[in-house]
Amino acid sequence: VNAFSGRRAAACSARLYEWLLLLYPASFRRDFGRDMAHLFGDLSRDALQQRGYLGLLLLWQATFKEAAVTAFNEHLSEWRKDMQARQRIATLIGLVFLIYSGSFAALNVLKYNLGVQLPFDPFAGLTDSASPTLWIIAWNGLIILGPVLAFALFLLPSLKMKFDFAGDERITVSFRKGSRLGLILMGASLLLFGLFCLYFIGENFACLTGEQLSC
Amino acid sequence: MTPMTQPESMLPLTPAVFHILLALCDQERHGYGIMQEVAHSTAGEVRLGPGTLYGSIKRMLAADLIEESAERPDPELDDQRRRYYRLTDLGQRVARAEAGRLANLVQRAQAKQLLLNVRGVT
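Chemist: Please clarify how the overall build of chain A should be interpreted in this entry.
Modeler: Summing up its helical and strand segments, chain A has six helices and two strands in all. Mapped in sequence order, the helices and strands of chain A form the string α-α-α-α-β-β-α-α. Across the 215 residues of chain A, 35% fall into the buried class. Nonlocal contacts in chain A, meaning residues at least 24 apart in sequence, comprise 64% of its contacts between residues at least 6 apart. For chain A, the exposed area adds up to about 13800 Å²; of that, 66% sits on carbon and sulfur atoms.

Structure below.
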């Protein structure tokens, strides 16, 4: 590759790399995009000098894989940063889910297990199994999935994921030490979900063991 | 990071971060310079891509392991657009701590006679 066409090819390669940079989060591009494009121009020039157009092709092949993995990591990192910034909101929403599910679980135990006469029917409009509307299904689903959603919302800000490709591709997950309140709330969510599972097993025990033929 | 940050609390480092710290141990370098130094010192075995390099630089800046340098080693010869990086005091201490940790590991491997057949290791 002669010097002139080599320079042109390297510049063109750097220009194309700027498009590839769109894979990265905007803040990362703002901070390092120009440097990365500049660096890639240098790498393209080196590849052309050493192995010609084949070298440039091999560089691009390696760069595609690297860009996909590192851009994914940067998005994860940005997302985690956002979640940490919105930790209070996430905790608040999680609490709403937890209280919603928890209150129904408590009222259910009071009414059906302990036989307490409630002055109102908390399940009115939610147990119309004859003609369940999407609305009823959604509210019932929210009762059951509430603890899971709450657990996820309490957990996510302390979750640290990284896509690694040292030889074999894998996602490594680690945890940031959370607050005591966060741990208590996560425990409460798991406890509530466990209670739902036990309740479900208890209610459907005969079906699950096959003792009852039609469930 | 506070000035009281213990280097040990940041270990173990990822290979990319440790290679970058090693590359900056003796002099300030820009991104391309770091990449060349890493490739040269590992005989081409480790090649950092732009995404890995600048992703690590971003995290190292945030952790106060490195800082941007305003000086240019030779402004006449170099491109003014390049950003140079240098180790901070914490970065040096962390590099030392990681080197010590790895040396301990190598000692243990030697004690278990795992390195007998490796060239250059007695």
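Additional details are given in the paragraphs that follow.
Chemist: How do you make sense of the side chain of Asp42(A) when you look at a structure like this?
Modeler: Looking at the element boundaries, Asp42(A) is found in helix H2 (residues 26-85). By relative accessible area, which is 5% here, Asp42(A) ends up buried. Ignoring anything within four residues of it in the chain, the contact list for Asp42(A) reads Tyr32(B) and Arg82(B).

Chemist: I'm lost on the side chain of Thr70(A) in this one. Help?
Modeler: Within the fold, Thr70(A) resides in helix H2. What makes Thr70(A) buried here is its relative accessible area of 8%. Here Tyr24(A) takes part through its side chain, which lies 2.6 Å from a polar atom of the side chain of Thr70(A). For Thr70(A), the contacting residues outside a window of four places in its chain are Tyr24(A), Gly51(B) and Thr52(B).

The rules behind each value
- Residues numbered from 1 in each chain as written.
- Chains lettered and ligands numbered in written order.
- Predicted model: local features only at pLDDT ≥ 70, side-chain atom pairs only at ≥ 80, totals over all residues.
- Heavy atoms only, no water.
- Helix = DSSP H or I, 4+ residues; strand = E, 2+ residues; numbered from the N terminus.
- Buried < 20%, exposed > 50% of the residue type's maximum accessible area, 1.4 Å probe, protein only.
- Contact = heavy atoms within 4.5 Å.
- Areas by Shrake-Rupley, 256 points an atom, 1.4 Å probe, with all protein chains shown as cover.
- Polar contact = N/O pair within 3.5 Å; in protein donor to acceptor, adjacent residues only side chain to side chain.

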